[in-house]
Amino acid sequence: MAQMATSRRMATLEEVLAAIEAARDKVMADEIKSLTKLGIPKAMAYQMIASRFHQKAPGQEEAEPDPFEATTGWDDIG
């Protein structure tokens, strides 16, 4: 049986990160569109979705800290 020659190159870290960011942006856009169809103002929908994805909404200084995210490192515990 002949073996198929496949030449696959490894994706770079930048390519992987770009793909993840593009997928995240698409999901965020789809969710914002769905919320605006429900009658939620676009700015409010964007802020809701941005907080879920830990992004800064336009005009927002800093994203609110996630209460479930550790605020101290392992070195500080003890």
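Please read these numbers as outputs of a predicted model, since none were measured by experiment.

Next up on the list: the overall build of the protein chain. The helix and strand tally for the protein chain stands at 2 helices and 0 strands. Out of the 78 residues in the protein chain, the part that is buried amounts to 9%. In the protein chain, the share of contacts with a sequence separation of at least 24, taken over all contacts with a separation of at least 6, comes to 15%. Here the protein chain displays about 7,300 Å² of accessible surface, and carbon together with sulfur accounts for 58% of that area.

Here the focus is helix H1 (residues 13-37). An ideal rise of 1.5 Å per residue puts 36 Å on 25 residues; H1 measures up with 36 Å between its terminal C-alpha atoms. Those residues of H1 lying buried are Met28, Ile32 and Leu35. Buried-residue contacts for H1 involve helix H2 (42-52). Looking at the residues trailing H1, positive phi occurs at Gly39, about 100 degrees.

Once that is clear, we can look at the environment of Arg52. Positionally, Arg52 belongs in helix H2. Arg52 sits 24 residues away from Met28 along the chain, and the two C-alpha atoms are 9.4 Å apart. Looking at Arg52, its side chain comes within polar contact range of the side chain of Glu31, at 2.4 Å.

Let us now look at the pattern of salt bridges. Tallied over the full model, the rule gives 4 salt bridges. Here Asp25 ties to Arg24 by a salt bridge, and the two come within 3.1 Å at their closest N and O atoms. Residue Arg24 is classed as partly exposed on the basis of its relative accessible area of 25%. Close ionic contact of Glu31 with Arg52 constitutes a salt bridge, the shortest N to O distance being 2.4 Å. With Glu31 in helix H1 and Arg52 in helix H2, this pair connects stretches of sequence that are 21 residues apart. On the basis of relative accessibility, which here comes to 52%, the residue Arg52 falls in the exposed class.

About the thresholds
Residues numbered from 1 in each chain as written. Predicted model: local features only at pLDDT ≥ 70, side-chain atom pairs only at ≥ 80, totals over all residues. Heavy atoms only, no water. Helix = DSSP H or I, 4+ residues; strand = E, 2+ residues; numbered from the N terminus. Buried < 20%, exposed > 50% of the residue type's maximum accessible area, 1.4 Å probe, protein only. Contact = heavy atoms within 4.5 Å. Areas by Shrake-Rupley, 256 points an atom, 1.4 Å probe, with all protein chains shown as cover. Expected span 1.5 Å × (residues − 1). Polar contact = N/O pair within 3.5 Å; in protein donor to acceptor, adjacent residues only side chain to side chain. Salt bridge = Lys/Arg side-chain N within 4 Å of Asp/Glu carboxyl O.

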